[in-house]
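Chain by chain, the residues run as shown.
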Amino acid sequence: MMPRQPDRRPKPTPRSAQPGRTKTDAIEEILRVDHAGEYGAVRIYSGQLAVYKYLAGKQDTVESLTRMAKEEEVHLARFTDIINERGVRPTAFAPIWHVAGFALGAATALMGEKAAHACTEAVEDVIDEHYAQQVKKLDAMGTEESALRETIERFRLEEVQHRDEAIEKGAKEAPGYTLLSAVIRAGCKVAIKLSEKA
């Protein structure tokens, strides 16, 4: 009797919860966009701090922004580790987010503290929604990505704290709040779509 030969047929690629895409594709998009988003957030806070750290009487604002920036740096470091571990290519738009994030932060800071808080509220609200959608996608994939799911959920809750703090500090009282918030939210959503794919 001949020994049994190993099955060399290609194994089916695991499917994601989204039709027409593999699980690997979906995970890579999640990691790429989350890394990009955290990088953008760090740059926004850098822009705001570049304005406020040189202004008299802004110590409380500087302390608050510094704390939130440090939390975003932790998020960014973790996603950097994960994309390196998994060999996921970062977004090609990183140089644009480097400049755009800083510019957004600095511009809203120059408009006043409430405008800076409005920026935080708008960005973090979009991120909350985005991370919540990712958690649902990962739940639909089963338990294999439970560690990633828990990381994203933990970060989502920290982003919600940033948003709520910004609201408490008067985000919705910023001059032109409705328009400012709508523009920032739209920009964030465009950045998410671009960073997922490239």
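Look a little higher up for the structure.
The structure presented is a predicted model; accordingly, all values stated were derived computationally and were not measured.

(A) Region of the structure containing the pattern of salt bridges. Under the defined criterion, the tally for this structure stands at 16 salt bridges. For K197, the salt bridge identified is with E29, shortest N-O distance 3.0 Å. On the criterion of sequence distance, the pair formed by K197 in helix 6 (residues 177-197) and E29 in helix 1 (residues 23-52) is long-range, its members being 168 residues apart. By relative accessible area, which is 13% here, E29 ends up buried. When the shortest N-O distance is used, the salt bridge between E145 and R86 registers 2.9 Å. Here the residue E145 occupies a position in the loop between helix 4 (113-140) and helix 5 (146-168), and R86 occupies one in helix 2 (residues 59-86), the gap between them amounting to 59 residues.

(B) Seen up close, helix 1. Taking 1.5 Å of rise per residue, 30 residues should cover 44 Å, and helix 1 covers 44 Å from first to last C-alpha, within 8% of that figure. Extensive coverage of helix 1 is indicated by the burial of 23 of its 30 residues.

(C) Just the side chain of H35, in detail. Position of H35 among the secondary structure elements: in helix 1. Setting aside anything within four residues of it in sequence, one finds H35 in contact with L76, F79, T80, I83 and P90.

(D) Molecular detail of the state of the cysteines. One pass over the structure, following the stated rule, counts zero disulfides. Here C119 is not disulfide-linked; the sulfur of C188 is the nearest cysteine sulfur, at 7.4 Å. On the basis of relative accessibility, which here comes to 13%, the residue C188 falls in the buried class.

(E) Representation of the nonpolar core in the model. Of all hydrophobic cores here, the largest spans 32 residues; its most connected members are L31, F79, V123, L138, L148, I152 and I184. Elements supplying a minimum of two residues to this core: helix 1, helix 2, helix 4, helix 5 and helix 6. It is helix 4 that contributes the most residues to this core, 10 residues altogether. The residues touching L31, leaving out its near neighbours within four places in the chain, are F79, I82, I83, R86, V88 and L148.

About the cut-offs
- Residues numbered from 1 in each chain as written.
- Predicted model: local features only at pLDDT ≥ 70, side-chain atom pairs only at ≥ 80, totals over all residues.
- Heavy atoms only, no water.
- Salt bridge = Lys/Arg side-chain N within 4 Å of Asp/Glu carboxyl O.
- Helix = DSSP H or I, 4+ residues; strand = E, 2+ residues; numbered from the N terminus.
- Buried < 20%, exposed > 50% of the residue type's maximum accessible area, 1.4 Å probe, protein only.
- Expected span 1.5 Å × (residues − 1).
- Contact = heavy atoms within 4.5 Å.
- Disulfide = S-S within 2.5 Å.
- Core = buried A, V, L, I, M, F, W, Y, C linked by side-chain atoms within 4.5 Å.

The values reported here are purely geometric and, on their own, carry no functional implication.
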